[in-house]
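# Architecture at a glance
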Amino acid sequence: MAQEVSLKSLWESEREVILQVLYRDREVRNIEEERIRKLKTHLQHLRWKGSKSGSQEYKEKSCARCRQALGLLLNRGAVCQGCSHRVCAKCRVFLRMTRAWKCTVCFEDRNVKIKTGEWFFEERAKKFPTEGKHETAGAKLLKSYQKLSKISVVPSSPPPLSESQCGGGPGRFQELGQFKGFNKSVENLFLSVTTHMKKLSKSQNDMTSDKQRPAVGPRRCEGRSERRSQSDTAVNVTTRKVSAPDILNPLNQESPKCPTSPVLKQEGISFSPAPNTLFSGGLRHGSLISINSTCTEMGNFDNANVTGEIELAIRYCFRTRSLEICIKACKNLAYGEEKKKKCNPYVKTYLLPERSSQGKRKTGVQKNTVEPTFQETLKYQVEPSQLATRQLQVSVWHLGTLARRVFLGEVIIPLATWDFEDRTTQSARWYPLQAKAEKDEDSIPTNNGELVVRAKLALPAGPGKLQEAQAFLPGTGDEPSRNGQLCVVVLGAKNLPVRSDGTLNSFVKGCLTLPDQQRLRLKSPVLKKQACPQWKYSFVFKGVTPSQLRQSTLELTVWDQATFGVKDRLLGGARLGSKEEPAGGADSCSRSKLQWQKVLSSPNLWTDMTLTLH
Amino acid sequence: MASATDSRYGQKESSDQNFDYMFKILIIGNSSVGKTSFLFRYADDSFTPAFVSTVGIDFKVKTIYRNDKRIKLQIWDTAGQERYRTITTAYYRGAMGFILMYDITNEESFNAVQDWSTQIKTYSWDNAQVLLVGNKCDMEDERVVSSERGRQLADHLGFEFFEASAKDNINVKQTFERLVDVICEKMSESLDTADPAVTGAKQGPQLTDQQAPPHQDCAC
């Protein structure tokens, strides 16, 4: 079904029913994707363990998995049939009842294929090669629903739903005998579904509820003050959550906690870097902003009255280029749940301005204490040059029931002025915790760097003026109005939100949306390991007219290519064209608007533009 | 909300990802053949004689223990009515296996099996595993489709065949478990052809021995 799945032909009441199913499905998918992400992360860790670092040559024979030296006579190793690497005896997994074996990584690779269902997607791709690998019908339907109804899903302050409110139901549902107590608006439904995703999926698991109601899942009544993030409100984002696990930086935590710790799980689930599908009309600016935020950055948390202090030490090792933040302890923390006097604190850090999940480090959760002792070291691989541009944000959180988080305070330490050479700065210090800086983030325009492009509208000005042979399509005689082309040379970008090692594997996507909603998409090659990439790559959109272009939108987005099977990370984007500009960076927008008009009004002339990425 | 509720859900939370893999299964067939009842019998061990037409789609999740593996099944129940067809067919592509159901007391539902099969061929992946199920076999008095005809059609279409009753809980579990097994076989096959170095690999031998006597599963 390449064609759009649609809910148009259905009644409103039917749509609501289906929508509820779709939401439940989304929660199932969320859990599944989180599980898959972990599996893939695990596999990647295995791979790293054996990978030889660049400087280290294969000068001696060693096991490709554990790097143990191999002998000449004893323990000589053998070549794995799967990957052709030589591995020692310990790193082999014998397959059931046979003498055949695979190395640990190949074995795990197969395992992961089974466990993630990757085998199925691969098989299916044989028949439907164009299909988005993991996009599900549910996701599509949700998208289609969104188009249909433009629901703004989370109301700013939902009234708490009392039991009695939930008890009644609209007549038609009762007539159907199906909807005992289904009376919630889509908004409330969505709110409750998202805030109770765990519950829902659990109640499906045990299958005990709602026995007499065949077609509809369990209903949730509880009102909650919890919010989902902006990105969560877009209902079709879930398929992309596999992106950006912490694996991109192996030096993650010195004492890694159990992977199923509830914090990790929740964080993963609510983090939704979903650039492509957030807004079904292809207007992505809203998503550009939320892309790097986790839900806690977007206000999805409760606030406690901030009290107390945190003790931590900061050290930078120039040799290994790693920034180490030793989180020692906290004292006098506020209770996460004041009434119950409960507090399960943990500490989270970011190297601002980066707020992606790759840049997040967390300690374990301490239970039932306002004086937690962590003694955990969180590490970042950072180039010295990068340090000066970063601020260390250390925040303390309470992990409540249902993984609800409560903000307990934070410290922001600018690293620009930090003297890493001075030993005295390396000792642990107490910092008073502070409330979240109000509006602080708003005051800094979301600037994700600049993109330098050069654009030209090439038109056949006249028979004598064919300066650029490549500018014209052959055989355009019968339709002269359509043979213009828009050339956009993406020269380079700077000040991009780089990874903590100061590099990026970046590429640019160009998408020209024509007035008839047809989209022309182009993509540049990937430039590896560069913070300021210079692609010098030309996008040529053929067969467009100036009048078309005036009503078209050109979106240029910069991406960081993911290291392995996960989704690429959106670094920022800029839009040129007729559509109303999004909020933020009004100056640069109007400037680029002018420049864009210049491109359109002066055909066959190159115009240079510096676009601010948002 | 009551804190009791919180803790109840909180406890279960940890087991969310407590499975080895997930299969998606679709139940299709004419309206009123008993798809929803079949699913409810399997998932909840419940049965309601009243007929309630499914709106579009619905699903249930059930985790079973099979071949030393915890397998989470997301079982999609589809509306048999034509008017929901665009929605239901959208789900074909994500399904690894199908239960194609007819009603042994309803000739028309049996005649439609061929069409449903064509739908699967059109919308699903090439290795879609299908079980043909003749439901309502408790209603022997009203039977119009003989077991033999059902079996012949299944053979013709290359599907496996069961007669079942959601009402009397006959062959319900067996149907799902058989489907899980054939999907597992297909999975091993697809992995091992892609990877000829390893034959008889991890999943292979154990998953092919479905002749094992049906044992009580942990139907958690």
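Residues numbered from 1 in each chain as written. Chains lettered and ligands numbered in written order. Predicted model: local features only at pLDDT ≥ 70, side-chain atom pairs only at ≥ 80, totals over all residues. Heavy atoms only, no water.

Rule in force here: UniProt positions are given in the numbering used here, feature names are shortened, and annotations may be inferred rather than shown by experiment.
Under the annotation held in UniProt, chain B carries the name Ras-related protein Rab-3A and is attributed to Rattus norvegicus. What UniProt records for chain B under Catalytic activity is the sentence "GTP + H2O = GDP + phosphate + H(+)". Regarding chain B, the UniProt comment filed under Sequence similarities reads as follows: "Belongs to the small GTPase superfamily. Rab family."

The name given to chain A in an unreviewed UniProt entry is Synaptotagmin-like protein 3, and the organism recorded there is Delphinapterus leucas. Looking at the Function (unreviewed entry) heading of the UniProt record, one finds this comment for chain A: "May act as Rab effector protein and play a role in vesicle trafficking. Binds phospholipids in the presence of calcium ions."

## Thoughts on the overall build of chain A
We count it as follows: Here a helix means four or more residues in a row that DSSP labels H or I, a strand means two or more in a row labelled E, and each is numbered from the N terminus. Using a 1.4 Å probe on the protein chains alone, a residue whose accessible area is under 20% of its type maximum counts as buried, one over 50% counts as exposed, and one in between counts as partly exposed. Only the protein chains shown count as cover for residues, with accessible areas throughout obtained via the Shrake-Rupley method and a probe of 1.4 Å.
The number of helices and strands found in chain A is 15 helices and 21 strands. Looking at chain A residue by residue over its 614 residues, the buried ones come to 57%. Counting every atom, chain A has about 26,400 Å² of accessible surface; 52% of that belongs to carbon and sulfur.

## As for the UniProt feature "modified residue: Phosphothreonine" in chain B
Per the UniProt record, the feature "modified residue: Phosphothreonine" sits at Thr86 of chain B. Here Thr86 of chain B is to be found in helix α3 (residues 85-90).

## Description of empty space enclosed by the protein
Just so we agree on the cut-off: Here a cavity means grid points, on a 1 Å grid over the protein atoms only, where a 1.4 Å probe fits yet cannot get out; a pocket means an open set of points with protein on both sides within 12 Å along at least five of seven lines; lining residues are those with an atom within 4 Å of a point. Grid points are joined across faces, edges and corners, and a volume is the space filled by probe spheres set on the points. Asp, Glu, Lys and Arg are counted as charged, while Ala, Val, Leu, Ile, Met, Phe, Trp, Tyr, Cys and Pro are counted as nonpolar; the rest, among them Gly, fall into the polar class.
Applying the stated criterion to the full structure yields twelve cavities of 30 Å³ or more. Empty space within the largest cavity amounts to approximately 90 Å³. Around the largest cavity, the lining residues are Asp25, Thr136, Ala137 and Gly138 of chain A together with Lys24, Trp76, Ala90, Tyr91, Gly94 and Ala95 of chain B. Across the lining of the largest cavity, the residue classes break down as five nonpolar, three polar and two charged.

## What to know about the pairing of strand β6 (residues 160-163) of chain B
All names here are of chain B. The following threshold applies: Any two strands with at least two DSSP-identified bridges between them are counted as paired. By the criterion used throughout, a crossover qualifies as right-handed when its path from the first strand across the helix to the second strand runs clockwise, the strands pointing away from the viewer.
Pairing of strand β5 (residues 129-135) with β6 involves four bridges; the strand directions are parallel. Looking at β6, one finds that Gly134 is bridged to Glu163. Between the parallel pair β5 and β6, the chain is carried across by helix α6 (residues 147-157), and the sense of this crossover is right-handed.

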